[in-house]
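So the chains spell out like this:
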Amino acid sequence: MLNFASSILVSIGIVNIALSNKMKKVLNKIPVGVFSVIATVIVVYLLLAPASDVESSWFAWLKFKHADKLVHFLMFFFLNLAYLYDYTKYKNPHHTKINPELALTTAASMIGLLTEACQLAMNTGRDYDNFDILADVLGAFAAFGLMRWFGGHVLRKHVFKRRRKHRHHHHHSKEKTETSQNG
């Protein structure tokens, strides 16, 4: 257990070291939702484009059985990571809530289901596959697990600007001001 905890701390340290202050400033200037829109457009394009266009150019290096399931898993992992990143940035500096995170994860999973249904209806050389849907859902929920486990904390602490002002600090300083004025 100690090795596991230390590996998490090392990972957090790597994230902090890897992101220079300049990179953090750039990430903070990008409006909330941009990563989600870009990720959605890319995933939907990759899933609905004709099979010959995608397989020949993008994933030619993947030559093993069920490689497409790995691609589906990774696409939906990063899609949901983008959704949860934007949500965490939106909620900063407050902690995120599990219900909206689950809703975003479900939305990412539904995109997988709907694109598979579109593949069935469209004549793009692609086939409907229940295992693709399973890989999509597993990828989305893996991102949810990662962000829920420690990703949101890492983003708030090491990437996003932290606003240290909390309500209770204002309340205490107001009481002190009123006391000094009355006294």
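If you're wondering where the values come from, they're calculated on a predicted model, not measured in any experiment.

Draft legend 1. The environment of T96, seen in detail. Structurally, T96 is set in the loop between α5 (67–91) and α6 (98–121). Given the relative accessible area of 13%, T96 is considered buried. Residues T96 and R148 lie 52 residues apart in sequence; the distance between their C-alpha atoms is 8.8 Å.

Draft legend 2. Representation of the packing of α5 against α6 in the model. It is the contact of α5 with α6, at a shortest axis distance of 10 Å, that shows an interaxial angle of 145 degrees. The handedness of the crossing between α5 and α6 is right-handed. Side by side, α5 and α6 meet where H72, F76, L79, N80, Y83, L84 and Y87 of the first sit next to P100, E101, L104, T105, A108, I111, G112 and E116 of the second. Along the lines of polarity and charge, the residues of the contact of α5 with α6 split into nine nonpolar, four polar and two charged.

Draft legend 3. Structural detail: the nonpolar core. One finds V43, M75, F76 and L79 to be the most contacted residues of the largest nonpolar core, which totals 13 residues. Take this core: its biggest share by element is six residues, from α5. Not counting chain neighbours up to four residues away, the residues in contact with F76 comprise V43, L47, A108, I111, G112, D136, G139 and A140. If you look at the next biggest cluster of nonpolar residues, it comprises nine residues, including L27, F77, L84 and L155.

Draft legend 4. Structural detail: the confidence of the model for the protein chain. A residue-level look at the protein chain finds 68% of positions with pLDDT of 70 or above and a mean pLDDT of 76. When mean pLDDT is compared element by element in the protein chain, helix α3 (residues 34–48) scores highest at 92, while helix α1 (residues 2–18) scores lowest at 48.

Draft legend 5. Quick peek at the packing of α3 against α6. Packing of α3 against α6 leaves a shortest axis separation of 9 Å and a crossing angle of 30 degrees. Viewed along their axes, α3 and α6 adopt a mutual orientation that is roughly parallel. Between α3 and α6 the crossing geometry is right-handed. Of the residues in α6, those touching α3 at T40, V44, L47 and L48 are I111, T115, C118 and Q119.

Draft legend 6. Layout of the side chain of T105. Within the element layout of this structure, T105 appears in helix α6. Of note is the side chain of T105, whose polar atom sits 2.8 Å from the backbone oxygen of E101. In contact with T105, not counting residues within four places along its chain, are N80, L84, A140, F141 and F144.

Cut-offs used in this document
Residues numbered from 1 in each chain as written. Predicted model: local features only at pLDDT ≥ 70, side-chain atom pairs only at ≥ 80, totals over all residues. Heavy atoms only, no water. Helix = DSSP H or I, 4+ residues; strand = E, 2+ residues; numbered from the N terminus. Buried < 20%, exposed > 50% of the residue type's maximum accessible area, 1.4 Å probe, protein only. Axes fitted to C-alpha atoms, helices over the stretch in contact; angles between N-to-C directions. Left-handed = near helix turned anticlockwise from the far one by under 90°. Contact = heavy atoms within 4.5 Å. Nonpolar A, V, L, I, M, F, W, Y, C, P; charged D, E, K, R; others polar. Core = buried A, V, L, I, M, F, W, Y, C linked by side-chain atoms within 4.5 Å. pLDDT = per-residue confidence, 0-100. Parallel < 35°, antiparallel > 145°, perpendicular 65-115°, else oblique. Polar contact = N/O pair within 3.5 Å; in protein donor to acceptor, adjacent residues only side chain to side chain.

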